[in-house]
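# Results of the structural survey
Here is what each chain is made of, one letter per residue.
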Protein chains: 2
Amino acid sequence: MVRMFRLLALVAFAASLSYAQPQGPPPVVSPEVHWNRSATLRIRAPLADEVLLAGSGRFEKQRPLEKGPEGVWAITTEGLPGGIYEYKFVVDGVPTMDPSNPQIKRWAGGSSNYFHIDGIAPQPWDLRNVAHGVVRIEHYVSSATNTVRRYRVYTPPDYDRTTRSYPVLYLLHGSGDSEQEWTEFGRAHLILDNLYDEGKIEPMVVVMPYGHLSAPPDRMDFVKPGTMDTFVADIVENVIPDVESKFRVLIDQRSRAVAGLSMGGLQTLALSTRYPDRFGWAGVFSAGVSNAEQSVPELMADAKRHDRLWNLFWIGCGRDDFLYESAQELDALLTKLGVEHEFVETAGGHDWPIWRDYLGRFTPLLFRE
Amino acid sequence: MVRMFRLLALVAFAASLSYAQPQGPPPVVSPEVHWNRSATLRIRAPLADEVLLAGSGRFEKQRPLEKGPEGVWAITTEGLPGGIYEYKFVVDGVPTMDPSNPQIKRWAGGSSNYFHIDGIAPQPWDLRNVAHGVVRIEHYVSSATNTVRRYRVYTPPDYDRTTRSYPVLYLLHGSGDSEQEWTEFGRAHLILDNLYDEGKIEPMVVVMPYGHLSAPPDRMDFVKPGTMDTFVADIVENVIPDVESKFRVLIDQRSRAVAGLSMGGLQTLALSTRYPDRFGWAGVFSAGVSNAEQSVPELMADAKRHDRLWNLFWIGCGRDDFLYESAQELDALLTKLGVEHEFVETAGGHDWPIWRDYLGRFTPLLFRE
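None of the values given here were measured: they were computed from a predicted structure.

## Digging into the sheet that holds strand β5 (residues 66-67) of chain B
Strands sit in the order β1-β2-β6-β5 (chain B) across an open sheet of 4 strands; the sheet is antiparallel. A strand with exactly one partner marks an edge of an open sheet, and here the two such strands are β1 (32-33) and β5 of chain B.

Below, the structure written as structure tokens:
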């Protein structure tokens, strides 16, 4: 009797687990990563005429899948370098997430699936058996937006075992992303844990605010008039005071940094140039001179009037990035104005593998004399 | 010149935001929630012969979308009660996520999109301007699985401002989910913030461990032989000691509760019956007598030998749940064995609206004399 119950419930569970899958055929396995670091991606679409693999970086040029038995289309990639790969399918013209892969990168402009390929050597974002910091989800009331908003905070491994105060990096996401992406997808916390374990960074608190004014993100809200002013007000008047009331962080200019990618790079430009007395370090990842609200030359000229300029103004951009020229112009502008800065050009485009890399290049430079 | 840069970069941003969308046509808006609490869902699929709306609960019976101009299919629902609605499309037989909606519920058995409908009255899971607790992402080394694993911890609003110790609820997710779902999708932290604000619960720490042994979750790993033993060992030997070393929690039986949904309900049965001396309160949501490892009657009989049984053994199940009979059997078994318990039957199926509701019913009963 007991055994029968057991069996019944298992069958019922198995049935529920296949809900919304076509009845009958076995589940499709996708992605399947092979010993030689290639991956097979599959989708069942018996009625489709064409299925393409789409994505960013290596998968930017779409590739056709081949139709096999039982209407399952498949493609096997070449062997891939260790890293993260975003993809989706295009089934008869419809962008289609991989129904078999729960690994999803949410994005307001169209979400994707992803998979990891292990490197030959350990990767900077690997989950290792080292001392781990903590990621905290915090709420605060924003007077700038008149709403309750969220940010995430990474505290370094020893934070809860000491009474000391730490320098703080404000780390901003891109358009269409949220305050989750630097950790959920960028693995910022694991990268910092590993760098700290290797003695390569000063221990620091990292604050990851939400960069849009609306939720769910309006895809273009950052180009609307007034948006940058409201965002800057939210950070300066709400986020920073809230952080400084809840966390043991140092509050002097040389202990406060700001960095961001893409839209977050523009926000970094705005924050660092309007408040050079508050941010001693700035990192602009994959963005350039453009600024929806105010011109960068004017802001830079204003900033230069302050006694205290940045200990580091760091710009990184990939040579295949559509904003590469804009980043080059920023580099030229800073040179012309005599503002000390670093401009790092790398391979790659406007994409997450680069931003993981830049975080690992930028943070070791922070909070040193 | 500066204006030109500005314009250029905006155009480039706009272009990048539409990556992986078909060129040309305007973006599709979906979901669109209307004043009368109906929602319109849309997808562009010009070549499709049939597009269906699929989901759980109200959308369990699939509904056809209608094809409109420019190949955009649409459906408008009836006015809906306040709550959360999961859905996806089925395009010519292929389960297809809504490409326009970044709100995604990840699940190893097939992810879905979702949207919220505001209630006429405030809902228990609304983000309100009340004192908020913190959700923390913690790592630990598991000797049971020999891997580094994660759990999430909710600390109540005053946790960081007091030195007192709190009772603790271990809250377990369902099969195919992860340690994220109770907060990301279930909004457990907001439900608890609101209940606390209304004076309806004792302040408590809530620990949300990861319930699968593999990552990404093997859809059926919980029915494999030995899985439950390993999971129980991980909780008792690794998670609980780790929590008790990092958080100010009370460690006596009447200050420790366990609850879970579906697979997490089975895990709750295993933990509470094997360790009645450690868990003073148990909540089984949408699960029943079945247990992949050991029979519930035997476990219950074993448990009854302990001096200290549960202050509360709570079972909740929806009448449309495929495990409803299994939950009824558990109720009958406990009655037969003379174990005091509560059995709550509700409307609904094996679905998240019910689990949000059960959390709000169960937690006010905890840690009272």
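## A short note on helix α7 (residues 324-337) of chain A
Residue and element names in this part refer to chain A. In a regular helix each residue adds 1.5 Å, so 14 residues correspond to 20 Å; α7 covers 20 Å between its end C-alpha atoms and thus fits that length. Within α7 the residues assigned to the buried category are Y324, S326, A327, L330, L333 and L334. Of the surrounding secondary structure, the elements contacted by the buried residues of α7 are α5 (263-274), β16 (281-285), α6 (296-304), β17 (312-318) and β18 (342-346).

## Considering the pairing of strand β11 (residues 134-142) of chain A
Buried residues dominate β11(A), accounting for 8 of its 9 residues. Note that β11(A) and strand β12 (residues 147-155) of chain A share 9 bridges and pair antiparallel. Residue pairing across strands places H139(A) opposite R150(A), the latter belonging to β12(A). Hairpin connection, β11(A) to β12(A): the antiparallel pair is bridged by 4 residues, and N146(A) has positive phi, about 60°. Judged from the 3 bridges that link them, β11(A) and strand β11 (residues 134-142) of chain B form a sheet pairing that is antiparallel. Following the sheet pairing, R136(A) is matched in β11(B) by R136(B).

## Considering the packing of helix α4 (residues 227-246) of chain B against helix α5 (residues 263-274) of chain B
All names here are of chain B. Put simply, α4 and α5 touch, their axes get as near as 10 Å, and they point 65° apart. Every pair of crossing elements has a handedness; the one defined by α4 and α5 is right-handed. In contact with M228, D229, F231, V232, I235 and V236 of α4, α5 contributes L266, Q267, A270, L271 and R274.

## What about the sheet that holds strand β6 (residues 72-76) of chain A?
All names here are of chain A. Within the open sheet, the 4 strands sit side by side as β1-β2-β6-β5. Their pairing is antiparallel. Since the sheet does not close on itself, it has two edges, and those belong to β1 (32-33) and β5 (66-67), each with one partner. Note that β5 and β6 share 2 bridges and pair antiparallel. Bridging across to β6, K67 finds its partner in W73.

## Section: the packing of aromatic side chains
Evaluated as defined, the whole model comprises 42 aromatic pairs over all chains. Taken together, a centroid distance of 6.3 Å and an interplanar angle of 55° make the contact between Y159(A) and F247(A) tilted. You can see Y159(A) sitting in the loop between β12 and β13 (168-172) and its partner F247(A) sitting in the loop between α4 (227-246) and β15 (256-261), a full 88 residues away along the chain. Each member of the pair Y159(A) and F247(A) is classed as buried. Ring geometry for F59(B) and Y85(B): centres 6.0 Å apart, planes at 45°, overall tilted. With F59(B) in the loop between β3 (51-55) and β4 (63-64) and Y85(B) in strand β7 (residues 83-91), the pair connects residues that are 26 residues apart, well separated along the chain. With relative accessibility at 1%, the residue F59(B) sits in the buried group. Of the residues examined, Y85(B) reaches a relative accessible area of 10% and is grouped as buried. Clustering of aromatic rings is evident, with ring pairs tying together Y114(A), W182(A), F185(A), F285(A), W314(A), W352(A), W355(A), Y358(A) and F362(A). If you follow R164(B) out to its NZ or CZ, it ends over the ring of Y166(B), 4.4 Å from the centre.

## A short note on the pattern of salt bridges
This model, assessed by the stated rule, comprises 38 salt bridges over all chains. A salt bridge links E198(B) to K200(B); the shortest N-O distance between them is 3.1 Å. Notably, a salt bridge pairs D302(B) with R305(B), separated by 3.2 Å at the nearest N-O pair. Given a relative accessible area of 31%, D302(B) falls into the partly exposed group. Owing to a relative accessible area of 65%, R305(B) belongs among the exposed residues under this scheme. Within the structure, one salt-bridge network assembled from shared partners comprises R152(A), E184(A), R152(B) and E184(B).

## Structural notes on unusual backbone geometry
The amide bond that connects S30(A) to the next residue, P31(A), takes the cis arrangement and shows omega of -5°. By the element assignment, P31(A) lies in the loop between α1 (2-17) and β1. You will see that N146(B), though not glycine, has its phi angle at about 60°, which is positive. As for its position among the elements, N146(B) is in the loop between β11 and β12 (147-155).

## Focus on the confidence of the model for chain A
Detailed conclusions should not be drawn from predicted coordinates in areas where pLDDT is low. Residues and elements named next belong to chain A. Averaged over every residue, the pLDDT of chain A is 90; the share at 70 or more is 91%. Segment residues 1-22: pLDDT under 50, and 41 contacts once partners within four positions in sequence are set aside and those in other chains are kept. Across the interfaces of the predicted complex, the ipTM metric reaches 0.90, alongside a pTM of 0.92.

## With respect to the environment of K224(A)
Tracing the backbone shows K224(A) in the loop between β14 (205-209) and α4. Counting along the chain gives 18 residues from K224(A) to D242(A), while the straight-line C-alpha distance between them is 26 Å.

## Digging into the side chain of S111(A)
As for its placement among the helices and strands, S111(A) is situated in the loop between β9 (104-105) and β10 (112-117). Among the polar contacts listed, one links the side chain of S111(A) to the backbone nitrogen of W107(A), at a separation of 3.2 Å. Leaving out residues up to four positions away in the same chain, S111(A) has contacts with K88(A), M97(A), I104(A), K105(A), R106(A), P102(B) and I104(B).

## So, the pairing of β7(B)
Each regular strand displays side chains that alternate between the two surfaces of the sheet. Residues and elements named next belong to chain B. With 9 of 9 residues buried, β7 is to be regarded as a mostly interior element. In terms of strand pairing, β3 meets β7 through 5 bridges, oriented antiparallel. When the bridges of β7 are listed, L53 appears paired with F89. Where β7 meets strand β10 (residues 112-117), 5 bridges bridge the pair, whose relative direction is antiparallel. By the bridge assignment for β10, G83 is matched with I117. Bridge count for β7 against strand β8 (residues 94-96) is 3 bridges, and the pairing is antiparallel. Residue pairing in the sheet places V90 in a bridge with P95 of β8.

The rules behind each value
- Residues numbered from 1 in each chain as written.
- Chains lettered and ligands numbered in written order.
- Predicted model: local features only at pLDDT ≥ 70, side-chain atom pairs only at ≥ 80, totals over all residues.
- Heavy atoms only, no water.
- Pairing = 2+ DSSP bridges.
- Helix = DSSP H or I, 4+ residues; strand = E, 2+ residues; numbered from the N terminus.
- Expected span 1.5 Å × (residues − 1).
- Buried < 20%, exposed > 50% of the residue type's maximum accessible area, 1.4 Å probe, protein only.
- Contact = heavy atoms within 4.5 Å.
- Axes fitted to C-alpha atoms, helices over the stretch in contact; angles between N-to-C directions.
- Left-handed = near helix turned anticlockwise from the far one by under 90°.
- Phe/Tyr/Trp six-rings, centres within 6.5 Å; stacked < 30°, edge-to-face > 60°.
- Lys NZ or Arg CZ within 6 Å of the ring centre and 35° of its normal.
- Salt bridge = Lys/Arg side-chain N within 4 Å of Asp/Glu carboxyl O.
- pLDDT = per-residue confidence, 0-100.
- Polar contact = N/O pair within 3.5 Å; in protein donor to acceptor, adjacent residues only side chain to side chain.

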